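For reference, the chains in residue letters:
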Amino acid sequence: MKVFKFGGASVKDADGVKNLCRLLQQTGHSDVFLVVSAMGKTTNAMEEVVEAYFKEGKDFSESLDPVESFHFSLAQELFEEGDPVFTRLQVLFEEVRGFLKWIRSPKYAFVYDQVVGYGELLSTALVSHYLQSQGLENEWIDVRHYIKTDRNYRDAGVDWDQTQARIRKGIKSGPLYITQGFLGSDENNFTTTLGREGSDYTAAILGYCLDAESVTIWKDVSGVLNADPRYFEETTLLEQVSYREAIELAFYGASVIHPKTLQPLQSKEIPLYVRSFIQPKEKGTEVGRGKKIKPEIPCFIVKKKQVLLQLSTLDFSFMAEHHLSNLFDLLHQYRLKTDLIQNSAISFSVCLDNRFGGLEALLKDLEQQFKVNCYRDVDLYTIRHFTEEAVEKTRKDKEVVLEQRNGETVQLVTR
Ligand code: ADP
Ligand code: ASP
Ligand code: MG
């Protein structure tokens, strides 16, 4: 079985859905497991619905109505009036409205997962119906019955044993299956999510549990490039990348692959292909065993809007183990992700991703124990396989507040 994953950009409009269908007709669609994300920017729009739910006096409908119109107008472009897909969409919108109206929970992350996941339920319903209408028989699957997780809402951890057992039992080879990326469910069957951009990871989980022949993630770029095309003008396609190198690139923030995707694939040596849904005949990138990186050139990664904290003790004593242990407990507690650490005798710097909004609470605690310097909104540049020329080019016109060199990697925190 092959696993194919299509992200939000590939199904951002009716033409995208038609293109996905054509691509399957060209590449073959038996024994394929399709994983599809929410359409276009739907997840961001659903996040606004969650914001509205928690804001006193704000009506969530103002945020949900545009999501509804978007999906219905897309369906109108793809289907005849009266097609059963319209009832399917309507039922999903009634469900989410029901939740928002009748369930009162103060738990942000829990509510987030119950609401935001509708993006994927809607997109897969639409795509499944469309493929059927074009003669591509397929089976729509609710991934929440298969991927079981803990209750760490918004960043749930997979229960591999249960997930493996359910997939082995429920999925047969042969048909074309379609399911949602990003979602799972906890022991009480509440929806959980695997972290933003987590659909690549879903594809890897399914690939692992199905012993898939390969996993392909179809993107709006030609494959993994040596630099993020949103921030760098010149980019080169990497034809071959080893699992290890890909894990490093994704960890440092090469957002073309979700960082958790590689580990399950690497452990069973399942190849990962990153290919263009715009030019599906091109080979793209192969992540697998073998050559570290081909061609061997510097790779540039940037993470925007990071936070740099510089800490020193209040009494100029050394930064000792108990200080650090305390610090890392707090980072864990407030769910701040560490990008980079650097220490000296009396100070400790850490560059963080404030993805879950825990920074303010962290600062409050840290200020009791340390002298704290906080730079908000810094950028973190990472250059793998650096040359001095590559470092100089990256430094140009920027104020570098921290630099770190480690083997083949240079990191610069800039503002
Ligand atoms: P999806 O549609 O699957 O969610 P993403 O938007 O998450 O796709 O990933 C594709 C995007 O990743 C590209 O459009 C590109 O802007 C960005 N990107 C960042 N770093 C790289 C890189 N090194 N190579 C290719 N694309 C990259
Ligand atoms: N729809 C989710 C997101 O936008 C998951 C994904 O696209 O991978 O984060
Ligand atoms: Mg995405």
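Residues numbered from 1 in each chain as written. Chains lettered and ligands numbered in written order. Predicted model: local features only at pLDDT ≥ 70, side-chain atom pairs only at ≥ 80, totals over all residues. Heavy atoms only, no water.

## Describing the overall build of the protein
From N to C terminus, the protein includes 13 helices and 17 strands. Rg of the C-alpha trace for the protein: 23 Å, near the compact-globule value of 22 Å for 415 residues, within the 12% margin. Judged by the C-alpha coordinates and their principal axes, the protein covers about 70 × 55 × 40 Å. Buried positions account for 54% of the 415 residues belonging to the protein. Within the protein, contacts between residues at least 6 apart in sequence are counted, and of these 74% link residues at least 24 apart. When the 50 basic and 60 acidic side-chain charges of the protein are each reduced to a single mean position, those positions are 2 Å apart. (Helix = DSSP H or I, 4+ residues; strand = E, 2+ residues; numbered from the N terminus. Rg over C-alpha atoms; globule rule 2.2 N^0.38 Å. Buried < 20%, exposed > 50% of the residue type's maximum accessible area, 1.4 Å probe, protein only. Contact = heavy atoms within 4.5 Å. Lys, Arg positive; Asp, Glu negative; His and termini not counted. Charge placed at Lys NZ, Arg CZ, Asp CG, Glu CD.)

## Considerations on the pairing of strand E17 (residues 409-414)
Looking along a regular strand, one sees side chains alternate from face to face of the sheet. Across the 6 residues of E17, 6 count as buried, placing the element largely inside the fold. Here E17 shows two buried faces, one formed by Thr409, Gln411 and Val413 and the other by Val410, Leu412 and Thr414. Inspection of the sheet shows strand E15 (residues 370-384) paired to E17 by 6 bridges, in the antiparallel sense. Each bridged residue has a counterpart across the sheet, and for Leu380 the counterpart in E17 is Val413. Note that strand E16 (residues 400-406) and E17 share 6 bridges and pair antiparallel. Looking at the pairing, Val400 lines up with Thr414 of E17. In sequence, E16 turns back onto E17 through a hairpin of 2 residues, with Gly407 there showing a positive phi of about 60 degrees. (Pairing = 2+ DSSP bridges.)

## Things to note about the site of ligand 1
What surrounds ligand 1 is a group of 17 residues, the closest being Lys5, Glu197, Lys219, Asp220 and Leu225. Gly8 places a main-chain nitrogen or oxygen 3.5 Å from an oxygen atom of ligand 1. Contact distances for ligand 1 include 3.1 Å between an oxygen atom and a side-chain N or O atom of Glu197. When the free accessible area of ligand 1 is taken as 570 Å², the share hidden by the protein chains comes to 88%. The residue makeup of the shell around ligand 1, split by class, is 7 nonpolar, 4 polar and 6 charged. (Near = heavy atom within 4 Å. Polar contact = N/O pair within 3.5 Å; in protein donor to acceptor, adjacent residues only side chain to side chain. Areas by Shrake-Rupley, 256 points an atom, 1.4 Å probe, with all protein chains shown as cover. Nonpolar A, V, L, I, M, F, W, Y, C, P; charged D, E, K, R; others polar.)

## Some words on the packing of helix H3 (residues 61-78) against helix H4 (residues 84-102)
Where H3 meets H4, the axes come as close as 11 Å, and the angle between the chain directions of the two elements is 170 degrees. As far as their axial angle goes, H4 and H3 are roughly antiparallel. Taken together, the residues of H4 that come into contact with H3 (itself represented by Ser61, Leu64, Asp65, Val67, Glu68, His71, Phe72, Ala75 and Gln76) are Phe86, Leu89, Gln90, Phe93, Val96, Arg97 and Leu100. Considered class by class, the residues forming the contact of H3 with H4 number 9 nonpolar, 4 polar and 3 charged. (Axes fitted to C-alpha atoms, helices over the stretch in contact; angles between N-to-C directions. Parallel < 35°, antiparallel > 145°, perpendicular 65-115°, else oblique.)

## Side note on the site of ligand 2
Taken together, Ser37, Ala38, Thr43, Glu120, Phe182, Arg196, Glu197, Gly198 and Ser199 make up all the residues around ligand 2. The backbone of Glu197 places a nitrogen or oxygen atom 2.7 Å from an oxygen atom of ligand 2. Note that an oxygen atom of ligand 2 is positioned 3.3 Å from one of the backbone N or O atoms of Gly198. A total of 260 Å² of accessible area belongs to ligand 2 in isolation, and the protein chains cover 94% of it.

## What about empty space enclosed by the protein?
Tallying each qualifying case throughout the model produces 1 cavity of 30 Å³ or more. Each pocket or cavity is described by its volume, and for the largest cavity that value is around 40 Å³. If you trace the largest cavity, you find it lined by Val224, Val241, Ala246, Leu249, Ala250, Ala254, Val256 and Ile257. A total of 3 residues in the lining of the largest cavity trace back to one element, the largest contributor, which is helix H9 (residues 243-252). Of the residues that constitute the lining of the largest cavity, the class distribution is 8 nonpolar, no polar and no charged. (1 Å grid on protein atoms, 1.4 Å probe; cavity = no way out; pocket = protein on both sides within 12 Å on 5 of 7 lines; lining within 4 Å. Points joined across faces, edges and corners; volume = space filled by probe spheres on them.)

## Quick look at the packing of H4 against helix H5 (residues 108-116)
Put simply, H4 and H5 touch, their axes get as near as 10 Å, and they point 160 degrees apart. Classed by the angle they form, the pair H4 and H5 counts as roughly antiparallel. For the pair H4 and H5, contact is made by Val96, Phe99 and Leu100 and by Phe110, Val111, Gln114 and Val115, respectively. Across the contact of H4 with H5, the residue classes tally to 6 nonpolar, 1 polar and no charged.

## A few points about the sheet that holds strand E9 (residues 272-276)
In spatial order, the strands read E3-E4-E2-E1-E7-E9-E10-E8-E11; together these 9 strands make up an open sheet with mixed pairing. Two strands in the sheet have a free side with no partner beyond their single neighbour: strand E3 (139-141) and strand E11 (293-294). Where E3 meets strand E4 (residues 177-180), 3 bridges bridge the pair, whose relative direction is parallel. Across the sheet, residue Trp140 finds its bridge partner in E4, namely Ile178. Of the strands in this sheet, strand E1 (2-6), strand E2 (32-36), E4 and strand E7 (214-219) touch helix H8 (residues 199-209), which is tilted by about 170 degrees from E1.

## A few points about the sheet that holds E17
Hydrogen bonds along the backbone pair up the strands of a sheet, which may run parallel or antiparallel. A sheet is described by the order of its strands in space; here 6 strands give the open sequence E13-E14-E12-E15-E17-E16, paired in antiparallel fashion. Each of the sheet's edge strands pairs with one partner strand only, and the pair in question is strand E13 (337-343) and E16. On average, adjacent strands in this sheet sit at an angle of 30 degrees to one another, irrespective of strand direction. Inspection of the sheet shows strand E12 (residues 299-313) paired to strand E14 (residues 347-353) by 6 bridges, in the antiparallel sense. Looking at the pairing, Leu308 lines up with Cys351 of E14. Contacting E12, E13, E14 and E15, helix H11 (residues 321-333) crosses the sheet at an angle of about 10 degrees to E14.

## Comments concerning the UniProt feature "domain: Aspartate/glutamate/uridylate kinase" (unreviewed entry) in the protein
Per the UniProt record, the feature "domain: Aspartate/glutamate/uridylate kinase" (unreviewed entry) sits at residues 2-276. End-to-end, the C-alpha atoms of residues 2-276 are 17 Å apart, and along that stretch the chain is 47% helix and 13% strand. (UniProt positions renumbered as here; feature names shortened; annotations may be inferred.)

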